[in-house]
Amino acid sequence: MTELVKQNDWPEVTVDEVAADVTVGHVGPMANEYLDFGVPFLRSLSVERFGIREEGLKFISPEFHAKLKKSALAPGDVVIVRTGKPGTCAVIPDWLSDANCSDLVIVRCGPRVRPHFLCYIVNSVAGGHIDSHTVGAVQQHFNVGSARTLSFLLPPLDEQDRILALLRGLDDKIELNRKMNPRRAPMARALFGAGFGYCAPTRPKAEGRAPYLSPDLWPLFPARLDAQGKPEGWAIGTLNDLASLNPESWTARNAPDRVAYVDLANTKWGNIDQVEDYAWADAPSRARRILRAGDTIVGTVRPGNGSFCYVGEDGLTGSTGFAVLRPQNPRDRAFVWCAATAAENIDRLAHLADGGAYPAVKSDAVAATEIIVPSEVVLAAF
């Protein structure tokens, strides 16, 4: 089997050497220029890794857009965030056929480099260059001159296309999984409610009603309620019985060089919308919780805002504003997720929260969520 690429054959180039143009977005006051409709106007908040965020997009008039020719954008332009999330990079998509921007470095690629290849370079292997060229004491920024000097190995165009085909295939799979997750979550919640809500299906079984679960599941549930009103043989407990709370944290001694940071603001109702990459020295002080696949994270600050999610991969670092629940048995991952993030439990946490401007609960309150612990055979089936 031949190798996909031979890096020793690739020349080292800078962005300036392969770009047709490198410039910067508009600099100046904008508050009075924004309209409800018009030409899309991108800011640093509009740019995510590999994509443009439609939510919160601003607009300007065609007349003002015409005045800002230097910062006008076209499909295929590579944009790099200067402040806020320095180095975050995306390619302007076809649906932004006419747009403008501020606070972004704009790279118009020449014939030697594919825009999406450069975007992968900036978002993946250019972290050291960006960190060392980020300046400013109060508001750190990455400037256009530093973007010009960013160096990387440049394969031939056919090799770039092969690499992009592989990476885009992986991205498409990730995107498919992301779209499937919102469908799976309601299915899991529906099954959770059908099996454990109001002691179902023990209550209808005790009343002689017809089965509503599949024939392989219905017999697993007790047919009687005990003196406490719960299914016979089941126990009353809390999530502490099934999961460990905040099991791992980074310290100065064990911290990695970089962290992929998840905060409450980017985590909403079961989705992590954005992960921010930081050098450890520059990471927020709250970037301490070690997250692993199978963990459930629940925001403890303003818990009613729904900052919760099931963690699907290793390698992430969460804010200390999350309560991290790690099932002691991998079998119980879905059960812990459903119980911790059930609507009635989020409402309970919201009512428990106090603290004025920043109402919050302690992580212990999340772990103390009361549950009815089913039998081993029912947990395994779920």
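Here's what I pulled together on the structure shown here. On a predicted model such as this, the values are computed, not experimentally measured, just so you know.

## Some thoughts on the sheet that holds strand β23 (residues 316-319)
Phase 1: The strand order across the open sheet formed by four strands is β19-β16-β23-β20, and the pairing between neighbours is mixed. The open sheet is flanked by β19 (276-279) and β20 (287-291), the only strands paired with a single partner. When strand polarity is set aside, the average angle formed by the axes of neighbouring strands in this sheet is 45°.
Phase 2: Judged from the four bridges that link them, β20 and β23 form a sheet pairing that is antiparallel. Bridge pairing in β23 links alanine 287 to serine 319.

## Some remarks on helix α9 (residues 343-352)
Phase 1: Residues of α9 that are buried include every one of Asn345, Ile346 and Leu349, and no others. Summarising the axial view, the buried residues of α9 lie within an arc of 100°, below the 170-degree limit, and thus occupy one face. Exposed and oriented more than 90 degrees from the buried face of α9 are Ala343, Glu344 and His351.
Phase 2: In this fold, the buried residues of α9 make contact with β21 (296-299), β22 (308-310), α8 (333-341) and α10 (363-367).

## Observations regarding the sheet that holds strand β7 (residues 78-81)
Phase 1: Across the sheet, four strands lie side by side as β2-β10-β7-β8; this open sheet has antiparallel pairing. Since the sheet does not close on itself, it has two edges, and those belong to β2 (19-24) and β8 (89-91), each with one partner. Strand-to-strand, the axes of this sheet are offset by a mean angle of 20°, without reference to chain direction.
Phase 2: In terms of strand pairing, β7 meets β8 through three bridges, oriented antiparallel. Paired with valine 78 across the two strands is valine 91, which belongs to β8.
Phase 3: The strands touched by helix α3 (residues 115-124) within the sheet are β7, β8 and β10 (104-109), with β8 carrying the most contacts at an inclination of about 170°.

## Section: the nonpolar core
Phase 1: Ranked by internal contacts, the top residues of the largest apolar core, which has 29 residues, are Val15, Val107, Leu118 and Phe152.
Phase 2: The element contributing the most residues to this core is α3, with six residues.
Phase 3: Residues in contact with phenylalanine 152, not counting those within four places in the same chain, are Pro11, Glu12, Val13, Thr14, Val15, Val18, Phe117, Leu118 and Ile121.
Phase 4: In this structure, Ala340, Ala353, Ala367 and Val373 belong to the second largest nonpolar core, which totals 24 residues.

## Some thoughts on the pairing of β10
Within a regular strand, side chains alternate between the sheet's two faces.
Phase 1: With respect to burial, β10 is a largely interior element, five of its six residues being buried.
Phase 2: Pairing analysis gives five bridges linking β2 to β10, with the strands arranged antiparallel. Bridge pairing links threonine 23 to isoleucine 106 in β10.
Phase 3: Pairing of β7 with β10 involves four bridges; the strand directions are antiparallel. Among the inter-strand pairings, valine 79 is bridged to a residue of β10, identified as isoleucine 106.

## So, the pattern of salt bridges
Phase 1: This model, assessed by the stated rule, comprises 15 salt bridges.
Phase 2: Note that arginine 209 and glutamate 207 form a salt bridge whose closest N and O atoms lie 2.8 Å from each other.
Phase 3: In this structure arginine 209 comes out as partly exposed when scored by relative accessible area, which is 46%.
Phase 4: Across the pair glutamate 376 and arginine 331 runs a salt bridge, and its minimum N-O distance is 2.5 Å. With glutamate 376 in helix α11 (residues 376-381) and arginine 331 in the loop between β24 (322-327) and α8, this residue pair connects regions lying 45 residues apart in the sequence.
Phase 5: On the accessibility criterion, glutamate 376 (54% relative accessible area) is exposed.
Phase 6: Residue classification places arginine 331 among the partly exposed residues on the basis of a relative accessible area of 27%.
Phase 7: Here the residues in one salt-bridge network are Glu248, Arg292, Asp295 and Arg326, joined through shared partners.

## Brief notes about the packing of α8 against α9
Phase 1: Following both chains from N to C, one finds α8 and α9 inclined at 50°, their axes separated by 5 Å at the closest point. It follows that α8 is oblique to α9 by the angle criterion. Across the interface between the two elements, Ala339, Ala340 and Thr341 from α8 touch Ala343, Asn345 and Ile346 from α9.
Phase 2: Residue composition of the contact of α8 with α9, by class: four nonpolar, two polar and no charged.

Procedures and definitions
- Residues numbered from 1 in each chain as written.
- Predicted model: local features only at pLDDT ≥ 70, side-chain atom pairs only at ≥ 80, totals over all residues.
- Heavy atoms only, no water.
- Pairing = 2+ DSSP bridges.
- Helix = DSSP H or I, 4+ residues; strand = E, 2+ residues; numbered from the N terminus.
- Axes fitted to C-alpha atoms, helices over the stretch in contact; angles between N-to-C directions.
- Buried < 20%, exposed > 50% of the residue type's maximum accessible area, 1.4 Å probe, protein only.
- Arc of directions from axis to C-beta.
- Contact = heavy atoms within 4.5 Å.
- Core = buried A, V, L, I, M, F, W, Y, C linked by side-chain atoms within 4.5 Å.
- Salt bridge = Lys/Arg side-chain N within 4 Å of Asp/Glu carboxyl O.
- Parallel < 35°, antiparallel > 145°, perpendicular 65-115°, else oblique.
- Nonpolar A, V, L, I, M, F, W, Y, C, P; charged D, E, K, R; others polar.

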